[in-house]
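# Fold and contact review
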Amino acid sequence: MRQLHQFPGGIHPEEHKAESSARPIHAPFIPNKLVIPLRQHIGHSAKPIVKVGDKVLKGQMIGQADGYVSAAVHASSSGVVTEIGFHPVAHPSGLSDLCITIETNGQDQWTDLQPVDWQNMDPAAVRGYVRDLGIAGLGGAVFPSSIKLDPKSQPVHTLILNGGECEPWITCDDRLMRERALEVLQGARIMQHLLNAQTVVAGIEDNKSEAIAAMQAAADQLGFAVEIVAIPAIYPGGGGKQITQTLTGLETPSGKLSTDVGVQVFNVGTAYSLARALMHGVPLISRIVTVTGHVLGAQNYETLIGTPMGELVTHAGDREGTSGLIMGGPMMGFDVKPEAPAVKATNCVLAKSAELFPPRPRELPCIRCTQCAIACPASLQPQDLYWFARAKNFGKAQEYNLFDCIECGCCSYVCPSHIPLVDYYRFAKSEIWAREKEKQAADIARERHEFRLFRQEREKKEKAERLAAKAQTKKAEAPTLGSDEQDAKKKMIEEALARAQAKKAAVAPKNTDNLTPEQQAEIAEIESRRAKIREMAKKTIEPEKHL
Amino acid sequence: MTASTHTLPSNTSVTRVMTLVLACLLPGVLVYAWQFGWGIVINLVWASLIALGIEALALKLRSYPVKPFLLDGSAVVTAWLLALSIPPLAPWWLTLVGMIFALGVAKHLYGGLGQNIFNPAMIGFAVLIISFPVQMTQWSAPLALAGHAPGFAESLSLIFTGALPEGVKLDAVISATPLDTVRTGLMQQHTLDEIHSASQIFGQIGGVGSEWITAAYLAGGIALWALRIVPWQVPVAFLAGIWLTAGFLHWFDIGRYAAPWFQIAMPSSMLGAFFIATDPVSGCTTPKGRLIFGLGAGFLTVIIRAFGGYPDGVAFSILLMNLCVPLIDAWTQPRVFGVAKKK
């Protein structure tokens, strides 16, 4: 029996899982129009390789992975490309992004599918297939799996299959494990092979006993040495760092990933998609989406990527009084428009109503009760960070490890003063990033200017010297410039350059250096949210009288 | 304002927290009334009414919405804590002055709910004991010892008009507290044993009647901890601070320094431990910081009782520790997940 460890903090809000977990996964339906974003993963957008008017088949690649941190996208049904352009997508800021629109023909004609002989192939080549079949993390972060399956310098000793699914309302992983455990474990076996991991552990929250039983039965059937472990149902126990701690006792260092302690974490849905991709050649063109909340019949849907989320809700049964849609769970999800398409990251579409999601009660001042500190899974002092963010004391906020906040929302949930704490931290983070960017830009400009002055000075001097030398040679058979003098000049230039470089290195700020692609994506995302948050912050952070 | 984080139905609020604090004080209040008569009940109601009045006025003057802040319950908690700290038959104006300083000055002049660096009730108490030492030492006699037990109407008129019931002298209704009795006795060069045998005010461990109030506060305090409203660190450290300091002094000179259990059995010790030192706004926020805060306040309480010029030390010790809160918090930051301990 594996010894379990406890991560700090956490909460247990009402689960609301029963609404959607009882019914089997609904087979996919084909919408008239599929809107497929070219960027559904963290990293570079895929490059479109079809033109308007092209006929496409189901499973055909329509966007090619562009660069290392990227993944391909595919047509999820057969039809004709009618548009390549910007559409509202699932994004916290409601941004538009480049999408390929396909008018479906209802025939759902497949392209040729080629299984991949992953067992007898060079792992690097397998990873190429993983990328071209569009596999990305389905737990929500959508990091391209080809990169996570590359152990690189850091050997991976433990592979964790994440079946935590800790957010309320969401049951897509639960249903997947109940119905398709065999393929999930087949995917895990491929992962183990590529990562060369000694141990494979599946962590499943103990509120999913059917899923645990199904996974255990599948493991026995496959004869696959995987530990199926029930973990306590505590939000955010399904977070990468949290499940790593729970199952291995290893604490992921601040600013690092679990791979730094030799653990790689994959969502069970990713394992399933990987198995489908390599064993049958099926690219990632559908995923399971929980459609729940204020709907008539909450259920999990096998969903074609590109299906408008509003259509999913309509399929599950629209109800009067729906006040909006959330993509993801209530803790970390965000509002989306009904026309935004379901993407690889869409684990849940949650229809809101005033009853299920009441308006936030009036925000009162912080009374420093530290319920937030008790609930914080990062052991932060949210009440202090709130104070610093409000006062725009960003230096202090960083000193108190603002950037270790995972924005899980536990603090906001337990706050008796109903302060939307996470919003304050997002505001502070985006302000810090913006300032560092500005500073970087200013530094570069200053260095350029300094170098220009230096160059002008040098040229002037050189010219004068040249003239002087010329004059001297004219006068008599005077010796040419001594090599000593030339060396000294060269040295001076070199020294000045070194100084400039040292200066540059010295002023480089911390948080915008050495970013992982994940962080870069996060910055980009937050950047786009800034305007909105700023406006909001203006209202809340300034005078208290508006309370 | 639209927040980007979603709101799940919440069962917590400041009002709930404050209401639970009041509920957990209730056993203490009931025992108090049972042992000492109607005075405390009248005084609590009077203080609460003043609190609501001052709070509403202050909110209005500061152009805050009155209703949500009035309903948060914090002003009533302050009122109860002050009323429980001063003599139950204290004249009406004494409570009024105390509340003006507690809420008007210590709370609202510092920025209102969540902004005060000092515990408002203790500021009110400090002002009263410095300005009106005579009134502040005229405590009700326990009914078991009182020459006359004032009824409801008599208590009411005593508080609001100062008129004693016919034929009753002041000495029949008031008496010194056990701590005060010890203090006075020691000043007259008596030993603790002599003081104890000369007065009837002493009970099994603490004072007659008042030791039951202490027990009720303890019960309410434990409930408050069980409800996760107060952390265990502050009360445990506060009581440990009292016990250790008093124990050391008592061991040092058994004839001059009161026993540790006697000190803990004073109602002010238990009220301070669970209901005053635990005030989140003016207290420490880190677990280690709370231990230091509690220990320091307990230590200072005994020191002030033993060597200071006032009969009790709970208020001053907590105010002194309130001053140290930012420093203690900065020094005792817990380790953040994934971050190596700072040297």
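Residues numbered from 1 in each chain as written. Chains lettered and ligands numbered in written order. Predicted model: local features only at pLDDT ≥ 70, side-chain atom pairs only at ≥ 80, totals over all residues. Heavy atoms only, no water.

### Let's talk about the overall build of chain A
- Within chain A one finds 15 helices and 16 strands.
- Overall, chain A is about 100 × 65 × 50 Å in size when its C-alpha atoms are taken along their principal axes.
- Out of the 547 residues belonging to chain A, those deemed buried represent 52%.
- Pairs at least 24 apart in sequence give 75% of the contacts found in chain A among residues at least 6 apart.
- When the accessible surface of chain A is split by element, carbon and sulfur atoms take 52% of a total near 24100 Å².
- Distance between charge centres in chain A, computed from 63 positive and 64 negative side chains, equals 7 Å. (Helix = DSSP H or I, 4+ residues; strand = E, 2+ residues; numbered from the N terminus. Buried < 20%, exposed > 50% of the residue type's maximum accessible area, 1.4 Å probe, protein only. Contact = heavy atoms within 4.5 Å. Areas by Shrake-Rupley, 256 points an atom, 1.4 Å probe, with all protein chains shown as cover. Lys, Arg positive; Asp, Glu negative; His and termini not counted. Charge placed at Lys NZ, Arg CZ, Asp CG, Glu CD.)

### Remarks on the overall build of chain B
- Counting its regular elements, chain B contains 17 helices and 2 strands.
- Radius of gyration (C-alpha) of chain B: 21 Å, near the 20 Å computed for a compact globule of 343 residues.
- The principal-axis extent of the C-alpha atoms belonging to chain B is close to 70 × 50 × 30 Å.
- Looking at chain B residue by residue over its 343 residues, the buried ones come to 56%.
- Within chain B, residue pairs in contact and separated by at least 24 positions form 76% of the contacts whose partners lie at least 6 positions apart.
- Roughly 14700 Å² of accessible area belongs to chain B as shown, and the carbon and sulfur atoms make up 70% of that amount.
- In chain B, 16 positive and 13 negative side-chain charges are present, and the distance between their average locations comes to 21 Å. (Rg over C-alpha atoms; globule rule 2.2 N^0.38 Å.)

### Observations regarding the domain arrangement of chain A
Residues and elements named next belong to chain A.
- Taken domain by domain, chain A holds domain 1 (18-28 + 118-353) and domain 2 (361-471).
- Residue-level contacts link 7 residues of domain 1 with 8 residues of domain 2.
- Of the roughly 580 Å² buried where domain 1 meets domain 2, counting both sides, 59% is carbon and sulfur surface.
- Counting across the domain 1 and domain 2 interface gives 0 salt bridges.
- The interface formed by domain 1 and domain 2 includes 2 residue pairs in polar contact (both at pLDDT 80 or more).
- When the residues that make up the side of domain 1 that touches domain 2 are grouped by side-chain class, the tally is 4 nonpolar, 3 polar and no charged. (Domains from an automatic or database assignment. Buried area = accessible area lost by both parts, 1.4 Å probe. Salt bridge = Lys/Arg side-chain N within 4 Å of Asp/Glu carboxyl O. Polar contact = N/O pair within 3.5 Å; in protein donor to acceptor, adjacent residues only side chain to side chain. Nonpolar A, V, L, I, M, F, W, Y, C, P; charged D, E, K, R; others polar.)

### Section: helix α6 (residues 120-131) of chain B
Residues and elements named next belong to chain B.
- A rise of 1.5 Å per residue sets the reference length of α6, with its 12 residues, at 16 Å; its end C-alpha atoms lie 17 Å apart and thus fit the reference within 8%.
- Across the 12 residues of α6, 9 count as buried, placing the element largely inside the fold.
- Three or more residues of α6 are buried, namely Pro 120, Ala 121, Met 122, Ile 123, Gly 124, Phe 125, Ala 126, Leu 128 and Ile 129.
- Near the N-terminus of α6, the side chain that reaches the backbone nitrogen of Ala 121, with its oxygen 3.1 Å away, is that of Asn 119. (Expected span 1.5 Å × (residues − 1).)

### A look at the interface of chain B and chain A
- Each partner contributes residues to the interface: chain B has 43 residues there, and chain A has 57 residues.
- For the pair chain B and chain A, the summed buried surface comes to about 4200 Å²; carbon and sulfur atoms form 58% of the total.
- Here chain B is connected to chain A by 2 salt bridges.
- One can count 11 residue pairs in polar contact (both at pLDDT 80 or more) joining chain B with chain A.
- Listing elements by their share of the side of chain B that touches chain A, those giving two or more residues are α1 (14-36), α3 (66-70) and α17 (314-331) of chain B.
- The dominant element in the side of chain B that touches chain A, judged by the number of residues it contributes, is α17 of chain B, at 3 residues.
- Looking at the side of chain B that touches chain A residue by residue, the class counts come to 20 nonpolar, 16 polar and 7 charged.

### Section: the pairing of strand β12 (residues 286-293) of chain A
Residue and element names in this part refer to chain A.
- Burial of β12 is extensive: 8 of the 8 residues sit out of reach of the surface.
- The alternating pattern of β12 places Ser 286, Ile 288, Thr 290 and Thr 292 on one face and Arg 287, Val 289, Val 291 and Gly 293 on the opposite face, and all of these are buried.
- Two strands pair when backbone bridges link them, and β12 and strand β13 (residues 299-304) are joined in this way by 6 bridges, in the antiparallel orientation. For Thr 290, the partnering residue across the bridge sits in β13 and is Asn 300.
- As consecutive antiparallel partners, β12 and β13 are separated by 5 residues.
- The pairing of β12 with strand β16 (residues 348-353) spans 4 bridges and is parallel. Among the inter-strand pairings, Thr 292 is bridged to a residue of β16, identified as Leu 350. (Pairing = 2+ DSSP bridges.)

### Comments concerning the nonpolar core
- In terms of nonpolar packing, the biggest core is built from 85 residues, with Leu 84, Phe 238 and Phe 275 of chain B touching the most fellow members.
- Counting residues per element, this core draws most heavily on α1 of chain B, at 12 residues.
- Ignoring anything within four residues of it in the chain, the contact list for Phe 275 of chain B reads Val 21, Cys 24, Leu 25, Leu 81, Tyr 217, Gly 220, Gly 221, Leu 224 and Met 270 of chain B.
- In terms of nonpolar packing, the next biggest core, distinct from the first, is built from 60 residues, Leu 161, Trp 169, Ile 204 and Ala 219 of chain A among them. (Core = buried A, V, L, I, M, F, W, Y, C linked by side-chain atoms within 4.5 Å.)

### Focus on the sheet that holds strand β4 (residues 61-64) of chain A
- Judged by pairing direction, the sheet is antiparallel, and its 3 strands sit side by side in the order β2-β4-β5 (chain A) without closing on themselves. Every interior strand has two partners, whereas the edge strands, β2 (47-48) and β5 (73-74) of chain A, have only one.

### Topic: the state of the cysteines
Residues and elements named next belong to chain A.
- Here the structure, examined in full by the defined rule, presents 0 disulfides over all chains.
- Cys 348 takes part in no disulfide bond, and the closest cysteine sulfur to it belongs to Cys 172, at a distance of 7.4 Å.
- Here Cys 372 is not disulfide-linked; the sulfur of Cys 369 is the nearest cysteine sulfur, at 6.1 Å.
- By relative accessible area, Cys 372 is classed as buried at 8%. (Disulfide = S-S within 2.5 Å.)

### What to know about the domain arrangement of chain B
All names here are of chain B.
- Each domain of chain B was delimited in the assignment, giving domain 1 (1-175) and domain 2 (177-332).
- Placing a centre on the C-alpha atoms of domain 1 and another on those of domain 2 gives a separation of 20 Å.
- Counting residues at the interface gives 34 residues for domain 1, matched by 29 residues for domain 2.
- In this assembly, domain 1 and domain 2 are joined by 0 salt bridges.
- Our count for the contact surface shared by domain 1 and domain 2 stands at 2 residue pairs in polar contact (both at pLDDT 80 or more).
- Of the residues in the side of domain 1 that touches domain 2, the class split is 24 nonpolar, 9 polar and 1 charged.

### Some points on a positive patch on the surface
- Judged by side-chain charge, Lys 463, Arg 466, Lys 470 and Lys 474 of chain A come together as a positively charged surface patch.
- The topology assignment puts Lys 463 of chain A in helix α13 (residues 421-475). (Patch = residues over 30% accessible without salt bridge, like charges linked within 9 Å, V, L, I, M, F, W, Y side chains within 5 Å.)

### Comments concerning unusual backbone geometry
All names here are of chain A.
- Between Tyr 235 and the following residue, Pro 236, the backbone shows a cis peptide bond with an omega angle of 0°.
- Positionally, Pro 236 belongs in the loop between β10 (227-231) and α6 (240-248).
- In this model, His 16 sits at a positive phi of 55°, which is unusual for a non-glycine residue.
- Residue classification places His 16 among the partly exposed positions, given a relative accessible area of 24%.
- Positive phi outside glycine occurs at Asn 196, with the angle close to 60°.
- Secondary-structure assignment places Asn 196 in the loop between α4 (172-195) and β9 (199-205).
- We classify Asn 196 as exposed; its relative accessible area is 64%.

### Focus: the packing of helix α12 (residues 210-226) of chain B against helix α15 (residues 267-276) of chain B
Residue and element names in this part refer to chain B.
- For the pair α12 and α15, the least separation of the axes is 8 Å and the interaxial angle reads 10°. As judged from the angle between their axes, α12 and α15 are roughly parallel. Contact residues: Ser 210, Ile 213, Thr 214, Tyr 217, Leu 218, Gly 220, Gly 221, Ile 222 and Leu 224 in α12; Pro 267, Met 270, Leu 271, Phe 274 and Phe 275 in α15.
- When the residues that make up the contact of α12 with α15 are grouped by side-chain class, the tally is 10 nonpolar, 4 polar and no charged. (Axes fitted to C-alpha atoms, helices over the stretch in contact; angles between N-to-C directions. Parallel < 35°, antiparallel > 145°, perpendicular 65-115°, else oblique.)

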